[in-house]
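Next come the chains, spelled out residue by residue.
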Amino acid sequence: MTDLERAAALETIAGEVRACTRCRLHETRTQAVPGEGNPDTEVVFVGEGPGMNEDRQGRPFVGRAGDLLTRHLGLIGWDRRDVFITNVVKCRPPENRDPEPDEVAACYPYLQRQLEALDPALIVTLGRHSMARFLPDARISRDHGTLRSVDPATGARRALVYPMFHPAAALRSPDVARQSEEDIRAVPAMLLEARGYREPSESMVAASASVVPDLAGGSAAETPSATGATAATGATVATALREELVAATVAVHPAGEPEPDPADQLTLF
Ligand code: URA
Ligand code: SF4
């Protein structure tokens, strides 16, 4: 798909979402919230559903949780306009209740089509409901900050998924806030890993083999890798990748030249 075709496909989906009456949530919404961002991005953030501010403005993550997400992106030098941000359900559940299974099921094809059009390398899920669309058996407290492969049936052909806590949970708990900050700081390294997963080069294959025990699913914590590592937390993957990168960078830059910051290789655009 060309860039123009991708943008057009996303706009078509957004138009359908704004007019959608497939589930009862359309009766109480002010505006549907299809999602927004850069059509050419490699990274998609998926939240649960619009809240009050999103419902009023028709845009995702524009309230307090959105401010935190924007701040988190700033920590890694990214702008929210560089990624794509959307939700599992596109209309606000009344009183911010959890979306019902039939509402999630009715809305899911829109997310699927968005992922088909975007073809991201990395999907960052925000909160339990979003994680459950990609990793039905995962638990947020155990699996946040870890990488798994995505089932292509989700619409994302060849992507890795990285579950994070919902920013609203981080606003309620200092402990979750600390863990979320740690998890977001690892996202650039997760993108690098995801790029390697899409187009394995020799160095990335080596890095993947050593730091991601089981990309094919299941719990990484329970699946020993060939090298005997037993867990791939975001932090360990990030650290190992960073070391790989530093080593690679040093190798290609002869002594005497200033070393480029490995983080420069992790920018989006
Ligand atoms: N929470 C979400 O899950 N999504 C939004 O868009 C806003 C808040
Ligand atoms: Fe349609 Fe999704 Fe809104 Fe339900 S939540 S009305 S399926 S766009």
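Refer to the structure presented above.
Residues numbered from 1 in each chain as written. Chains lettered and ligands numbered in written order. Predicted model: local features only at pLDDT ≥ 70, side-chain atom pairs only at ≥ 80, totals over all residues.

Draft legend 1. Up close: the site of ligand 2. Lining the immediate environment of ligand 2, one finds 14 residues, of which C20, C23, H26, C91 and C107 sit closest. Take the shell around ligand 2: its biggest share by element is three residues, from helix α5 (residues 101-118). Looking at side-chain class alone, the shell around ligand 2 contains nine nonpolar, two polar and three charged residues. (Near = placed C-beta within 6 Å. Helix = DSSP H or I, 4+ residues; strand = E, 2+ residues; numbered from the N terminus. Nonpolar A, V, L, I, M, F, W, Y, C, P; charged D, E, K, R; others polar.)

Draft legend 2. Looking closely at the site of ligand 1. For ligand 1, the full set of nearby residues is G47, E48, G49, P50, G51, E54, P60, F61, A65, G66 and N87. When its residues are assigned to classes, the shell around ligand 1 shows four nonpolar, five polar and two charged.

Draft legend 3. Representation of the pairing of strand β4 (residues 122-126) in the model. Buried residues dominate β4, accounting for five of its five residues. Residue alternation in β4 divides its side chains into two sets, L122, V124 and L126 and I123 and T125, and both sets are buried. The pairing of strand β2 (residues 43-47) with β4 spans four bridges and is classified as parallel. The partner of V43 across the bridge, within β4, is L122. Sheet topology note: the β4/strand β6 (residues 160-164) ladder contains five bridges and is parallel. Paired with I123 across the two strands is V161, which belongs to β6. (Buried ≥ 20, exposed ≤ 12 C-beta atoms within 10 Å, placed from the backbone. Pairing = 2+ DSSP bridges.)

Draft legend 4. Examining the environment of D3 more closely. The topology assignment puts D3 in helix α1 (residues 3-18). In contact with D3, not counting residues within four places along its chain, are P39 and D40. (Contact = placed C-beta atoms within 7 Å.)

Draft legend 5. Inspection of the packing of α1 against α5 at higher detail. α5 packs onto α1 with a crossing angle of 170 degrees between their chain directions and a minimal axis gap of 9 Å. The orientation of α1 with respect to α5, classified from their angle, is roughly antiparallel. Residue-level contacts link R6, A9, L10, I13 and V17 of α1 to Y110, R113, Q114 and A117 of α5. Grouping the constituent residues of the contact of α1 with α5 by class yields six nonpolar, one polar and two charged. (Axes fitted to C-alpha atoms, helices over the stretch in contact; angles between N-to-C directions. Parallel < 35°, antiparallel > 145°, perpendicular 65-115°, else oblique.)

Draft legend 6. Main features of the sheet that holds β2. Read across the open sheet, the six strands follow the order β1-β3-β2-β4-β6-β5; overall the sheet is mixed. The open sheet has two edge strands with one neighbour each: β1 (36-37) and β5 (148-149).

Draft legend 7. Looking closely at the nonpolar core. Formed by 62 residues in total, the largest nonpolar core has its most connected members in L122, I123, L160 and M190. Residues contacting L160, with those up to four places away along its chain left out, are L122, L147, R148, S149, V150, M190, E193, A194 and Y197. (Core = buried A, V, L, I, M, F, W, Y, C linked by C-beta atoms within 7 Å.)

Draft legend 8. Fine view of α1. A rise of 1.5 Å per residue sets the reference length of α1, with its 16 residues, at 22 Å; its end C-alpha atoms lie 23 Å apart and thus fit the reference within 8%. On its buried side, α1 packs onto α5. (Expected span 1.5 Å × (residues − 1).)

Draft legend 9. Broad picture of unusual backbone geometry. For F61, which is not glycine, the phi dihedral falls at a positive 50 degrees. Looking at where F61 falls in the secondary structure, it is placed in the loop between α3 (52-57) and α4 (64-75). At N96, a position not held by glycine, the phi torsion is positive, near 60 degrees.

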